[in-house]
Amino acid sequence: MPCASLSTSDTLAWLRAHLDQQPALSRAHLAKDLCARLDLRDAKGRPREMACRKQLLTWQRRGEITLPQPRHQPPTRRPRPEDIAVWPEITGPLAGLGAVSLIQVSGGTAASGEWNAMMRAHHPQGDGPLCGAQIRYRIVSEKHGTLGGLSVSAAAWRLRARDLWLGWSDAERAKNLQGIVCNSRLLILPGVRVKHLASHVLGRLARQIGRDWRDRYGCEPWLMETCVALPRAGTCYRAANWTELGLTAGRGRQDRANKPPTDAAGTSQKRVFVYPLAPATLNRLCPQRLCSGRPPTPAGWVHREFGGAKLGDARLAARLLDLGAAFFARPQANIPQACGSTAAAKAAYRFFDNERVTMDAVLQPHHQATIERMRHQPIVLVAQDSTSLCYTMHPAMAGIGPIGNKVDGPQGIMVHGALAFTPAGLPLGVLDIETWMRDPAEFGKREDRNHKPIEDKESFKWQRALVPIGQAAARCPNTRVVTLADREADIYEYLLDARSRGLDTVVRVREKLRSLDGEVLKLWPYMQARPKAGTIELTVPRSGKQAARKAALSVSFATVTLAPPRNKSHLAPIRMTIVLAREDAPPSTVPAAAVPAAAVPEPLEWMLLSTVAVADLADAIERIQWYACRWGIEVFHRILKSGCQIEDRQLGTANRLEACLGIDAVVAWRIHHLTYLGRVTPDLPCDTVFEEDMWKGVIVFRTRKPPPDKPPSLREMNRMIAGLGGFLGRKSDGEPGTQTLWRGLQRADDIAIAFRGFREAYTLPA
């Protein structure tokens, strides 16, 4: 008979009467009488007296009955002789201890007694009980013997900060919890005063626990957690690169009231720290987890774009995650301001100075994440373009070169990038970035350019970028990858190379008088003679003093065979499609005499070369729309310079600057991505992109009201954050742009930090 059937009014009435008649009845006899009255038995016919005792206690906690006082109180534990042992006094540097090792402790041995005595004498939680599976260790020095002890046991079943960071559901937690272990005890004896010993021990534990746990229990853990009671800061865990996730609710395992304790003897709040033992397993099981160490980052994007970078050291990989989060939170701040403290800024400068930290290593996880996003798209447009980063105002920077037309002109570095987009304009990520410094000795040799092979020219950058683009296309077999390039890429070798690699390309024509194989007319006269297939209307964005406007373009197309240039007659002809879009009459709303010359709109004219066949007007218009997406990489470069302030970085050398450029490039892409995501998917809940403290803090700051239970849409949140950056939200303003968004993000991060601090320090609405 189940114990739940005991909860009846008749039974309670009988119990109250029974207690009134026999007030001296012991709890054990009362449970025995109740069991006999209800005839409760298990499957073997034995009385279930223990179930009755538990139910009696439940009714007493509810206030439905009052049980007699227990006759036997638990004995008070007296100090054991070994608990008052004299432990050694040790001072000096860590190297003076010799080899420090962790020795497993077996139950019933002298070492077990020593471990228990240490914990009972010096650890606030004593020697137990430890929960579930467990391994105890003694910390032993080669020269001085026992220095302390620690233990690893089963993880907490529920831990809100950890589960939120991992992004777990109840089902995922039940399935994967066995892979988490808890560092439940860590004790360095009070007499041992050696700097960095605790963090050194934690480092040894992280390297050893996986093997020891697998040998004893048959499964290898991939994450270790611990809880540090306030007001302790957990300094040794921070020094050992553990990540702080937040605070516990302050309730222990035995809590039944579902409320934090109100007396001094209750369980206090604790800081939650975690350490990944197997990052690859962590990435596989929890791809959507939040990044902490700083405040949690939006939807785990930092881990997706920087996690798993092969920098040769886990500490460098962890620092990369912190810098990615810091740079995104304050995109316009310098490095000390973004890092938030002197120590973090020094760590950032050491990070960029490390020879293992290169731009390619920093960007490698982002490249992989970009390819994963490309796989879900039927068509991906990869725009190529070049820009220069000017560091003339930093003459002490080593490794820079001329970026203008004069050898003694502006100084800096050249950058060529390839950015992937959807046909709708949503940026998917950076596929390639190349940097180089021009050689001053090469200036003044312009007349030699026609005698150099293409591989020795700067323009070979277009073909070098085809290598990573082709590799990405090979990994996306169900995606059509099309490269986009401006007039600078109208190079015969580039077109031939793209064709030989099987890559589709769209290039704006620069050489209008290019020869056509088998035709008398040159390219431009030939296309002018072609009939118009139709018209298309495009929105021309505002440029300088020229306001945004609508442009009607006539469209014509043809398929031709390009003949190689005269000095490259050994190259093969190329079969290409030509699309010409031309604005025959640009609109003019005011008399020309009343308008400055710079404000008169110039007629648009695009002649596009494409390896993709064009069968009708719809295909031709699609090629034009594809090429229009190339403007996205111009926006990316603007964000990189004006939003991320890459040209204000003071890092001393070009090598350090390149490593920093890797982080800034991903941050610039992220800002660009958020801007377009708010336009393409405006109804998406904002908590899929922004952390909870950020969107709630911004709402409280902007509205002066408590945050709603349901997060607003991404469009609403983007507009609120952009409002912090100067976006007015008038009817004529349209949607916020990247500039107001990156300004607003800088203020929103400060608001989120303040909101989190108030929420943790005071009782605020959830």
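Preceding this paragraph is the structure being described.
Rules and cut-offs
- Along each chain, residue indices are assigned from 1 in the same order as the chain's sequence is written.
- Predicted model: local features are reported for residues with pLDDT of at least 70 only, side-chain atom pairs are reported and counted for 80 or more only, and whole-chain, interface and lining totals are derived from all residues.
- Excluding hydrogens and water, the side-chain values take into account all heavy atoms of the structure.
- Secondary structure elements follow DSSP: runs of H or I of four or more residues count as helices, runs of E of two or more count as strands, with numbering from the N terminus.
- The buried label goes to any residue with under 20% of its type's maximum accessible area, the exposed label to any with over 50%, and the partly exposed label to all in between, with areas taken from a 1.4 Å probe on protein chains only.
- Whether two residues are in contact is decided by their heavy atoms, any of which lying within 4.5 Å being enough.
- Where accessible areas are quoted, they stem from the Shrake-Rupley method and a 1.4 Å probe; at the residue level, only the protein chains shown are allowed to cover.
- Residues belong to one nonpolar core when they are buried, are Ala, Val, Leu, Ile, Met, Phe, Trp, Tyr or Cys, and are joined through side-chain atoms within 4.5 Å.
- By this rule the span expected of a helix is its residue count minus one, scaled by 1.5 Å.
- Taken from the helix axis, the directions to the C-beta atoms give the arc we talk about.
- Centres within 6.5 Å are what make two rings of Phe, Tyr or Trp a pair, Trp counting through its six-membered ring; a difference in plane orientation under 30 degrees is then read as stacked, over 60 as edge-to-face, and the rest as tilted.
- Charges are assigned to positions over rings by a cutoff of 6 Å between ring centre and Lys NZ or Arg CZ, combined with an angular limit of 35 degrees from the ring normal.
- Axis lines are fitted to C-alpha atoms, over the contacting stretch for helices. Their N-to-C directions set the angle, which ranges from 0 to 180 degrees.
- By definition in this entry, angles of less than 35 degrees are roughly parallel, angles greater than 145 are roughly antiparallel, angles of 65 to 115 are roughly perpendicular, and the rest are oblique.
- For any pair of crossing helices, the crossing counts as left-handed if the nearer helix is rotated counterclockwise from the farther one by less than a right angle, and right-handed if it is rotated clockwise.
- Three categories are distinguished: nonpolar for Ala, Val, Leu, Ile, Met, Phe, Trp, Tyr, Cys and Pro, charged for Asp, Glu, Lys and Arg, and polar for the others, with Gly belonging to the last.
- Whenever a carboxyl oxygen of Asp or Glu lies within 4 Å of a side-chain nitrogen of Lys or Arg, that contact is scored as a salt bridge.
- Strands are labelled as partners when DSSP assigns at least two bridges between them.
- Whether a crossover is right-handed depends on one test, that the path from the first strand over the helix to the second runs clockwise when the strands point away from the viewer.

Chemist: So what's going on with the overall build of the protein? Residues and values would help.
Modeler: Of the regular secondary structure elements, the protein holds 23 helices and 19 strands. Relative to its 766 residues, the protein shows a buried fraction of 48%. Considering only intrachain contacts with a sequence separation of at least 6, the fraction spanning at least 24 residues in the protein is 68%. Summed over its atoms, the accessible surface of the protein is roughly 38,200 Å², and 52% of this surface lies on carbon and sulfur atoms.

Chemist: Provide a residue-level description of the nonpolar core, including the pertinent values.
Modeler: Of all hydrophobic cores here, the largest spans 98 residues; its most connected members are Phe327, Phe352 and Ile663. With 14 residues, the single largest contributor to this core is helix H20 (residues 654-680). Setting aside residues up to four positions removed in sequence, Phe327 forms contacts with Ile335, Ala338, Phe352, Arg649, Cys660, Ile663, Asp664 and Val667. In terms of nonpolar packing, the next biggest core, distinct from the first, is built from 42 residues, Val380, Val509, Tyr526 and Ile574 among them.

Chemist: Let's hear about helix H1 (residues 9-21): which residues, and what values?
Modeler: For H1, which comprises 13 residues, the first-to-last C-alpha distance of 19 Å matches the rise-based estimate of 18 Å (1.5 Å per residue) to within 8%. Regarding H1, the residues found buried are Thr11, Leu12, Leu15, His18 and Leu19. Projected down its long axis, H1 shows its buried positions confined to an angular sector of 125 degrees, all on one face. Of the residues in H1, the exposed ones pointing more than 90 degrees away from the buried face are Ser9, Asp10, Asp20 and Gln21. At its buried positions, H1 is contacted by helix H2 (27-38) and helix H3 (49-61).

Chemist: Can you break down the packing of aromatic side chains residue by residue, with the values?
Modeler: Tallied over the full model, the rule gives 8 aromatic pairs. Aromatic pair Tyr237 and Phe273: ring centres 5.7 Å apart, planes at 25 degrees, arrangement stacked. Of this pair, Tyr237 sits in helix H8 (residues 235-239) while Phe273 sits in strand E9 (residues 270-276), and the two are 36 residues apart along the sequence. Using a relative accessible area of 6% as the deciding quantity, one classes Tyr237 as buried. The exposure class of Phe273 is buried, given its relative accessible area of 0%. Note on Trp242 and Tyr275: the rings are 5.8 Å apart at their centroids and 35 degrees apart in plane angle, and the pair reads as tilted. Taken as a pair, Trp242 in the loop between H8 and strand E8 (243-247) and Tyr275 in strand E9 lie far apart in primary sequence, 33 residues in all. An identical accessibility class is assigned to Trp242 and Tyr275; each is buried. Within the aromatic cluster, the residues linked to one another by ring pairs are Tyr237, Trp242, Phe273 and Tyr275. Stacked on the ring of Phe327, the Lys or Arg Arg649 has its end atom at 4.6 Å from the ring centre.

Chemist: How would you summarise the packing of helix H21 (residues 692-703) against helix H22 (residues 714-724) if you had to cite specific residues and measurements?
Modeler: Between H21 and H22, whose axes approach to 10 Å, the crossing angle comes to 60 degrees. One way to sum up the angle between H21 and H22 is to call them oblique. Taken as a pair, H21 and H22 cross one another with a handedness that is left-handed. Touching Met694, Trp695, Val698, Ile699, Phe701, Arg702 and Thr703 of H21 are Met717, Arg719, Met720, Ile721, Gly723 and Leu724, all from H22. Looking at the contact of H21 with H22, its residues break down into 9 nonpolar, 2 polar and 2 charged.

Chemist: Would you mind going over the pattern of salt bridges in detail, with residue names and values included?
Modeler: Counted by the stated rule, this structure contains 28 salt bridges. Two residues, Arg623 and Glu622, come together in a salt bridge whose shortest N-O distance is 2.6 Å.

Chemist: Now, about the pairing of strand E15 (residues 504-508): what can you tell me, with residues and values included?
Modeler: Extensive coverage of E15 is indicated by the burial of 5 of its 5 residues. Pairing of strand E14 (residues 480-485) with E15, which is carried by 4 bridges, proceeds in the parallel orientation. Considered in E15, the bridge of Ala485 is made with Val507. Handedness of the E14-helix H16 (residues 492-500)-E15 crossover: right-handed. Of the pairings in the sheet, the one linking E15 to strand E19 (residues 605-610) comprises 3 bridges and is antiparallel in character. Bridge pairing in E19 links Val506 to Ser610.

Chemist: Please provide a residue-by-residue account of unusual backbone geometry, values included.
Modeler: Phi is positive for Asp39, which is not a glycine, with a value near 55 degrees. Topologically, Asp39 is positioned in the loop between H2 and H3. Of note in this structure, Gln645 is not a glycine but carries a positive phi near 55 degrees. Position of Gln645 among the secondary structure elements: in the loop between helix H19 (631-643) and H20.

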